Amino acid sequence: MDKQWFDGMEARIPRGEVRTRFAPSPTGYMHVGNLRTALYTWLIARHAGGKFLLRIEDTDQGRLVEGAVDVIYATMRRCGLTWDEGPDLGGPVGPYIQTERRPLYKKYAELLVEKGAAYYCFCEKAESKEDSGQFERSDDPCRDLDPAEAKARVEAGEPYVIRQRIPHEGSTTFRDAVYGDITVENSELDDQILLKRDGLPTYNFANVVDDHLMGITHVVRGAEYLSSAPKYDLLYRAFGWEIPIYVHCSSIMIADPETGTVRKMSKRHGDPSYEDLIAQGYLNEAVVNYVALLGWAPRGELAEREFFTLDELARVFDIEGVSKSPAAFDMAKLTYFNASYLRAMAPEDFAQAAEPWIRQTVKNPAYDVADIAALLQARCEKLSDIPEKVDFFDALPDYDAGLFTNKKSKTDPEVSWRMLEAAIPMLEGLADWSQGPIHDGLIALAESLGVKNATLMWPVRIAAAGKAVTPGGAVEICRILGREETLRRLRLGLEKLS
RNA sequence: GGCCCGGUGGUCAAGCGGCUAAGACACCGCCCUUUCACGGCGGUAACACGGGUUCGAUUCCCGUCCGGGUCACCA
C-alpha cells in the first residue's frame, strides 16, 4: 500500500480551515435543488473565509453526457459561485475528477477488506432497483467467505464487487448540523457496494474517500442522503478518519397541479431547471436570491429582510437558519423577486438585457430600444413578458372598434371620433415631436374640448396601438411611433369609426 | 411496508415556556393615474389532532394523523 496516500494529503491542507465542496455529477443541467446545495455549500465556505472546491462525480459510466462539465462551470460562474480548487484550476488535493482518481478507490476499498470492514462479493449483478433485493443483506453468501479463498478468486480473475461489512448488532448514531443526532439500528443498514464491478467506486464510497482526502470539513448535500449517513460514519470509523460535519438540506418541493399534491422538484417531471428559468427570462440574481431563501432564513435583526446580494448572503449565512422541513418552490414568488430585480436595474442595464426580447417583435430599427425599454422596466416581471407587450410597434394590430368604448374614460365610438378628429390637426401642427410638447398639446386640447384627459387620451392610445393594454400611455406611444406613423394610425382609427 | 426526517396562514417563513403569533409572496379593497403597471395605504388568512410536563404551552415529552425521504454495481 502506498503510504503517501494516507499521510500526504492532510499535510497539504491548513489545519482549522473550513473546506467545502460541491460535487455534482455531470448531467448537462442544473437542478434548482442542486443549485441551492451549491449555494449553501459556497456560503458556508465564504462565510468562514475558507475554501470552496468543485469536484466532478462522474463514476456512472452509463450516464456520461457530452459537454456536461462545461455546463457546470458556466452555471457556477454565472451564479458567482467561485471555486478555489477544481478540475480546471487544480489544487493541492487533485485530481478533482473522480474517474481520474480511479486507482485510489480500489486501494482504499482493499484496505477496508484488510481491516475486515469490507469483503469481496461475487454474487450476480442486479441491474436495477427492481432486480435488487433478491437476497437479504444478511444472506449474502460472500460475507462470510474465507478471506484467503475470496482473495484467490479475485486473483483468478473472477468478477467481484467490494461490499461494506456492517455489523448485524447494535446501532449507529451520527450527528447532523441541521437535524441533530440521529440513531439507526445497524440491522436496518445494508452491506452497500463500495467498489463496483467496473472498478469504479459508488457515490457513497467515493464521497467518503474524497471528502477525507480533500480535507472537507463540512459535507453539504441533499436530505435524500440522510439515510446513508450512518454508513458513512461506519466507513470513517473503519478508516480511523475524523468525521466531517454533515449539513443535510431538505428537498425542494413543487406543487403538482395534476394531483393537487407536492412532490420533489425534478427535471424528469418537467419542472424547470436553472437553465430553463434563465431561458424564461429570469435574472440570475433573482433566482439565486430566491433559492437562498428556500430552506434558509436570516434570524434576529435580519429576519424581515429578503433581498440579499451574494456577498451579503455570505456575510450573514448561518447553518442555524437552515430549515429541516421541505420547502415548496413558488414560481409566483420567484417572479416577484425577478420583477423587483428588474426594476432595480439601472435603465441602461435593463435596456441591454431587454434588447433581444424587444427585438423579437420590434424589428423596425426606427424604434429606439432604450425608449421602449424605459416603458417596459416597471411593466414586466420577467423578460419573456416583453415580446407580446411591444408587438404593436411594427404593425398596427387589426383591432376591433369596440376598443374605443371605455366606461372609465367616458368614451364611446362617437366621442372617440370627435377626439381623434381634434387630435390629428393639433398633432400635425406640433413644432416639436417630443414628450413635453405632445403631452402639453393633448392636455391643452382636452381642456379646450371640455373633456377629462382620459377621454382624449384613451382613443388616441387605442388608435395608435390597437391594443387595450399597452406599456406606456398615449403620449409615450405616439412619441416613439413618430409623427408620421402616429398620424397614419389615428386617421385609420377615424376611418374605423366612420 | 420497514426505517429515518418533518408539520406556524394557499406558499416562503420569524418565533427557540408568558407576544394582540412578525414579515414577504399570492389574493381582495382603496389611493395615485393617460390604458396597464410601478408606487402608497388597508384587509382576509396559521400554530394538524389528542394526551401529558408546567403556574403557564406554538415552543418540552408521548401517541395519532398527514407529508417527505430512503431501502440500485444511480448519484
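Trainee: Can you lay out the protein's contact with RNA strand B for me, pointing to particular residues and giving the numbers?
Mentor: By nearness alone, 64 residues border RNA strand B, and Lys 196, Arg 197, Glu 306, Arg 379 and Gly 472 come closest of all. Each atom of RNA strand B within 4 Å of the protein was classed as base or backbone; sugar and phosphate made up 69%. In the model, a phosphate oxygen of RNA strand B is placed 3.0 Å from a nitrogen or oxygen of the Ala 328 main chain. Taking Ala 468, its main chain carries an N or O atom lying 3.1 Å from a sugar or linking oxygen of RNA strand B. Looking at the surface near RNA strand B, the elements that each hand over two or more residues are strand S6 (180-185), helix H6 (203-213), strand S11 (261-264), strand S12 (327-329), helix H11 (331-344), helix H17 (453-465) and helix H18 (474-481).

Trainee: Would you mind going over the side chain of Thr 20 in detail, with residue names and values included?
Mentor: Here Thr 20 lies in strand S1 (residues 19-22). Sequence-distant contacts of Thr 20, that is, excluding residues within four places in its chain, are made with Thr 41, Ile 44, Ala 45, Lys 51, Phe 52, Leu 53, Ile 216 and His 218.

Trainee: Outline helix H19 (residues 483-497), supporting the account with residue identities and numerical values.
Mentor: Within an α-helix, residues lying three or four positions from one another point in the same direction, as the helix has 3.6 residues per turn. Between its first and last C-alpha atoms H19 spans 21 Å; for 15 residues at 1.5 Å apiece the expected length is 21 Å, and the two agree. What H19 keeps buried is the set Glu 485, Thr 486, Leu 487, Arg 489, Leu 490, Gly 493, Leu 494 and Leu 497. Taken together, the buried residues of H19 touch helix H15 (413-428), H17 and H18.

Trainee: Quick one: what's the story with the sheet that holds strand S10 (residues 252-256), residue by residue and with numbers?
Mentor: With respect to topology, three strands assemble into an open sheet ordered S11-S10-S12, the strand pairing being mixed. Each of the sheet's edge strands pairs with one partner strand only, and the pair in question is S11 and S12. Put simply, the sheet's adjacent strands are angled 50° from each other on average, direction ignored. Inspection of the sheet shows S10 paired to S11 by four bridges, in the antiparallel sense. If you follow Ala 255 over to S11, its bridge partner there is Val 262.

Trainee: So, the packing of aromatic side chains: which residues are in play, and what are the values?
Mentor: Counted according to the given criterion, the structure contains 20 aromatic pairs. With a centroid separation of 5.1 Å and an interplanar angle of 45°, the aromatic rings of Tyr 40 and Phe 317 are classed as tilted. You can see Tyr 40 sitting in helix H2 (residues 32-47) and its partner Phe 317 sitting in the loop between helix H10 (310-316) and S12, a full 277 residues away along the chain. Given the relative accessible area of 1%, Tyr 40 is considered buried. A residue is classified by how much of its surface remains accessible, and Phe 317, at 3% relative accessible area, is buried.

Trainee: Describe in detail the layout of surface pockets, supporting the description with residues and values.
Mentor: In this structure, the second largest pocket spans a volume of roughly 460 Å³. Taken together, 17 residues form the lining of the second largest pocket, with Arg 15, Gly 215, Ile 216, Thr 217 and Glu 242 sitting closest to its centre. The class makeup of the residues in the lining of the second largest pocket is seven nonpolar, five polar and five charged.

Trainee: So what's going on with unusual backbone geometry? Which residues, and what values?
Mentor: Here Gly 94 and Pro 95 are connected by a cis peptide whose omega angle stands at -5°. For Lys 410, which is not a glycine, the phi torsion comes out positive at approximately 60°. Among the structural elements, Lys 410 can be located in the loop between helix H14 (386-389) and H15. Residue Lys 410 is classed as exposed on the basis of its relative accessible area of 58%.

Trainee: Before we move on, can you summarise the environment of Leu 334 with the specific residues and values?
Mentor: With respect to the secondary-structure elements, Leu 334 resides in helix H11. Spatially, the C-alpha atoms of Leu 334 and Tyr 290 are 6.0 Å apart, while their sequence positions differ by 44 residues. For Leu 334, the residues in contact, after removing those within four places along its chain, are Leu 277, Tyr 282, Ala 286, Val 287, Tyr 290 and Phe 329.

Trainee: Please set out the sheet that holds strand S4 (residues 161-164) residue by residue, giving values where relevant.
Mentor: Spatial strand order, S3-S4-S7: three strands in an open sheet with antiparallel pairing. With partners counted over all chains shown, the strands left at the sheet margins are strand S3 (118-121) and strand S7 (193-195), one partner each. In this sheet, adjacent strand axes meet at a mean angle of 40° when their direction is disregarded. Judged from the four bridges that link them, S3 and S4 form a sheet pairing that is antiparallel. Directly across from Tyr 119, in S4, lies its bridge partner Arg 163.

Trainee: Can you lay out the packing of H15 against H17 for me, pointing to particular residues and giving the numbers?
Mentor: Where H15 contacts H17, the two axes come as close as 9 Å, and the packing angle between them is 80°. The orientation of H15 relative to H17 falls into the category roughly perpendicular. Contacts between H15 and H17 involve Val 415, Ser 416, Met 419, Leu 420 and Ala 423 from the first element and Thr 455, Leu 456, Pro 459, Val 460 and Ala 463 from the second. The residue makeup of the contact of H15 with H17, split by class, is eight nonpolar, two polar and no charged.

Trainee: Outline the side chain of Arg 101, listing residues and values.
Mentor: You can see Arg 101 is positioned in the loop between helix H3 (68-79) and helix H4 (102-115). In this structure, Arg 101 is in contact with Val 93, Gly 94, Pro 95, Asp 210, Leu 213 and Met 214, ignoring residues within four places of it in sequence.

Trainee: Describe the packing of helix H16 (residues 435-449) against H18, listing the residues and the values that go with them.
Mentor: Helix-helix packing is characterised by the crossing angle of the two axes and by the distance between the axes. The N-to-C vectors of H16 and H18 enclose an angle of 130°; their axes lie 9 Å apart at closest approach. Classified by the angle their axes make, H16 and H18 are oblique. In this structure, H16 meets H18 at a crossing whose hand is right-handed. Side by side, H16 and H18 meet where Gln 435, Ile 438, His 439 and Leu 442 of the first sit next to Val 475, Glu 476 and Arg 479 of the second. Partitioning the contact of H16 with H18 into residue classes produces three nonpolar, two polar and two charged.

Rules behind the numbers
- Within each chain, residue numbers correspond to sequence positions counted from 1 in written order.
- Ligands are numbered from 1 and chains lettered from A, in the order in which they are written.
- Reporting in this predicted model follows two pLDDT cut-offs: at least 70 for local features of residues, and 80 or more for side-chain atom pairs to be given and counted; totals over whole chains, interfaces and linings ignore these cut-offs and use all residues.
- Only hydrogens and water are removed before side-chain values are computed, so all heavy atoms of the structure are retained for them.
- Being near a molecule or strand, for a residue, comes down to having at least one heavy atom within 4 Å of it.
- Two N or O atoms count as a polar contact when they lie within 3.5 Å, although within protein this holds only if one can serve as hydrogen donor and the other as acceptor, and sequence-adjacent residues are included solely when both atoms are side-chain atoms.
- Per the convention used, a helix needs a DSSP run of H or I reaching at least four residues, while a strand needs a run of E reaching at least two, with both numbered from the N terminus.
- Pairs of residues are marked as contacts when any of their non-hydrogen atoms sit within 4.5 Å.
- Here the expected span of a helix is defined as 1.5 Å times the quantity of residues minus one.
- When accessible area is computed with a 1.4 Å probe and restricted to protein chains, residues below 20% of their type maximum are described as buried, those above 50% as exposed, and intermediate ones as partly exposed.
- Paired strands are those between which DSSP finds at least two bridges.
- For every element, the axis is a line fit to its C-alpha atoms; helices are fit only across the contacting stretch, and the angle between N-to-C directions ranges from 0 to 180 degrees.
- Between the rings of Phe, Tyr and Trp (Trp by its six-membered ring), a pair exists once the centres lie within 6.5 Å; its type follows the angle of the planes, with under 30 degrees stacked, over 60 edge-to-face, and the other angles tilted.
- Here a cavity means grid points, on a 1 Å grid over the protein atoms only, where a 1.4 Å probe fits yet cannot get out; a pocket means an open set of points with protein on both sides within 12 Å along at least five of seven lines; lining residues are those with an atom within 4 Å of a point.
- Grid points are joined across faces, edges and corners, and a volume is the space filled by probe spheres set on the points.
- Note on residue categories: nonpolar means Ala, Val, Leu, Ile, Met, Phe, Trp, Tyr, Cys or Pro, charged means Asp, Glu, Lys or Arg, and polar means any other residue, Gly included.
- To sort the angles, those under 35 degrees are grouped as roughly parallel, those over 145 as roughly antiparallel, those from 65 to 115 as roughly perpendicular, and the leftovers as oblique.
- Should the near helix be turned anticlockwise from the far one by less than a right angle, the crossing is termed left-handed; should it be turned clockwise, right-handed.

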